[in-house]
Amino acid sequence: MIKEEKKKILILDTSTLFYRAAFSKLEDVNTFNSLEPVYEYMSEVLRDLRFNIGGIAGVHKIISVMDSTSILLRQQFYPDYKKSRREDDSKEKEFVRENRFNLARFLSKYCIQHIMKNGYESDDIIYTLAQNLKEEYDVWIYTVDKDLMQMVEENVSIITWSAKGYTLVEHDDLTYLYDRFMLNSYKDIFTHLVYVGDTSDSVEGVAGVGKKTISLLIDEFGDVDSIFQNAEKIKNMNMRNSEKISLNISQSYDIIERNKKLIRLMEVPDINIESLLS
């Protein structure tokens, strides 16, 4: 019996779309004193996304998710969270800050529903949506944020973009996973980020622990807590600077616990899924 294909839902990490458009078309915007070049670029991206994910059939629904403009919950817990992003005064960043609601209104012309929740990041909203939709739909997320790679599983996939074009990341695409993270399971990205940190979010990792090191530690001990619990054993591993890494991890309890709270995606309450699908 042929299994019926699920309808596809595309969730936009809308900041990705806005910044991509700004970096590509801001010069034209200034030349013509109009947002039209950005609007045209965004329209092209949406057409590309629909086709890459759904082919001729396209996608069933697109949902746009944006960061809150209020202080984030993680920022209240850790004031330096995303500090480098907040202090970024590039002309592209400033353009998006000034025009984000105009750009969002433009997306509404495509019958795209928007969602933003005070205090919550787009990552958490996207995570909540995916968890609620994945049983009934084939969920695709458009983002360049590596944090969201930890979400990849059956029925939850990522479409990302670089200068080389689009990359479709599905749960059985282990080549992409290893090339980017040196890992063999998407669920291990959480552990990777806790120990390595995330410079784009101003999250400091454990000193001396990089991509190759954490890959070896995950293979040897498993998850976040198991690695810390076995820190003493690391000095006996056949690994460069093993004694120093063992010491650094054993002395980094506070950093590891803080990063677990910063990296772990959280469920966002009071999201009306049905209204977003209407």
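The sections below set out a description of the structure shown in this document. (Residues numbered from 1 in each chain as written. Predicted model: local features only at pLDDT ≥ 70, side-chain atom pairs only at ≥ 80, totals over all residues. Heavy atoms only, no water.)

Structural notes on the overall build of the chain
Threshold: Helical segments are the DSSP runs of H or I of at least four residues, strand segments are the runs of E of at least two, and each set is numbered from the N terminus. Here the globule rule reads 2.2 Å times residues to the power 0.38, and the radius of gyration is calculated from C-alpha atoms. Burial here depends on accessible area, computed with a 1.4 Å probe over protein chains only, as a share of the maximum for the residue type. Under 20% is buried, over 50% is exposed, and the range in between is partly exposed. What makes two residues a contact is simply this: any of their non-hydrogen atoms within 4.5 Å.
Counting its secondary structure elements, the chain contains 14 helices and 8 strands. Rg of the C-alpha trace for the chain: 20 Å, near the compact-globule value of 19 Å for 278 residues, within the 12% margin. The principal-axis extents of the C-alpha atoms in the chain amount to approximately 60 × 55 × 40 Å. Looking at the chain residue by residue over its 278 residues, the buried ones come to 51%. Partitioning the intrachain contacts of the chain with sequence separation of at least 6 by distance along the chain shows that 68% fall at a separation of at least 24.

Looking at the nonpolar core
Inclusion rule: We call a set of buried residues a nonpolar core when its members are Ala, Val, Leu, Ile, Met, Phe, Trp, Tyr or Cys and they connect through side-chain atoms within 4.5 Å of each other.
Of all hydrophobic cores here, the largest spans 53 residues; its most connected members are Leu129, Tyr195 and Ile249. Apart from the residues lying within four places of it in its own chain, the contact partners of Ile249 are Tyr195, Val206, Val209, Leu217, Ile227, Phe228, Ala231, Ile234 and Ile256. Ranked by size, the runner-up nonpolar core spans 30 residues in total, among them Leu10, Ala104, Ile112 and Trp140.

Some thoughts on helix H12 (residues 242-250)
Put simply, the rule is: Here, the arc refers to the directions that run from the helix axis to the C-beta atoms.
Listed in full, the buried residues belonging to H12 are Ser242, Ile245, Ser246, Asn248 and Ile249. Within H12, the buried residues cover an arc of 165 degrees as seen down the axis, which keeps them to one side. Opposite the packed face of H12, turned more than 90 degrees from it, sit the exposed residues Glu243 and Lys244.

A short note on the packing of helix H8 (residues 189-196) against helix H13 (residues 253-263)
The following threshold applies: Axis definition: a line fitted to C-alpha atoms, over the contacting stretch in the case of helices. Angles run 0 to 180 degrees between N-to-C directions. For classification purposes, an angle smaller than 35 degrees is called roughly parallel, one larger than 145 roughly antiparallel, one from 65 to 115 roughly perpendicular, and anything else oblique. Each crossing gets its handedness from the near helix: less than a right angle anticlockwise from the far helix is left-handed, clockwise is right-handed. Gly falls in the polar group here, along with every residue not listed as nonpolar (Ala, Val, Leu, Ile, Met, Phe, Trp, Tyr, Cys, Pro) or charged (Asp, Glu, Lys, Arg).
In contact at an axis separation of 9 Å, H8 and H13 are set at 130 degrees when each is read in the N-to-C sense. Taken together, the axis directions place H8 and H13 in an arrangement best described as oblique. Of the two elements, H8 crosses H13, and the hand of that crossing is right-handed. Where H8 abuts H13, its residues Phe190, Leu193, Val194 and Tyr195 lie against Ile256, Asn259, Lys260 and Ile263. Classifying every residue of the contact of H8 with H13 gives 6 nonpolar, 1 polar and 1 charged.

As for the sheet that holds strand S4 (residues 138-142)
So the rule is basically this: For two strands to pair, DSSP has to find at least two bridges joining them.
Taken together, the 6 strands give an open sheet; going across it, the order is S3-S2-S1-S4-S5-S6, and neighbouring strands pair in mixed fashion. Edge strands, defined here as strands with exactly one partner in the open sheet, are strand S3 (113-115) and strand S6 (165-169). On average, adjacent strands in this sheet sit at an angle of 25 degrees to one another, irrespective of strand direction. Pairing between S4 and strand S5 (residues 156-162): 4 bridges, direction parallel. Across the sheet, Trp140 pairs through a bridge with Ser157, a residue of S5. Set on the sheet, helix H1 (residues 14-32) makes contact with strand S1 (8-13), strand S2 (61-65), S4, S5 and S6; between it and S1 the angle comes to about 60 degrees.

Quick look at the pattern of salt bridges
We apply this condition: Put simply, a salt bridge is a Lys or Arg side-chain nitrogen that is within 4 Å of an Asp or Glu carboxyl oxygen.
Taken as a whole and judged by the stated rule, the model has 14 salt bridges. With its nearest N and O atoms 2.8 Å apart, the salt bridge here joins Asp201 to Arg85. Placement of the pair is Asp201 in the loop between strand S7 (197-198) and strand S8 (203-204) and Arg85 in helix H4 (residues 83-86), with a sequence separation of 116 residues. By relative accessible area, which is 1% here, Asp201 ends up buried. Lys134 serves as the salt-bridge partner of Glu153, at 3.0 Å between the closest nitrogen and oxygen. You can see Glu153 sitting in the loop between S4 and S5 and its partner Lys134 sitting in the loop between helix H6 (122-133) and S4, a full 19 residues away along the chain. Looking at Glu153, the relative accessible area reads 28%, which means it is partly exposed. Residue classification places Lys134 among the buried residues on the basis of a relative accessible area of 13%. Bridged by salt links that share partners, the residues Arg74, Lys82, Glu121 and Asp124 form one connected network.

Take it as geometry only, folks, not as evidence of what the structure does.
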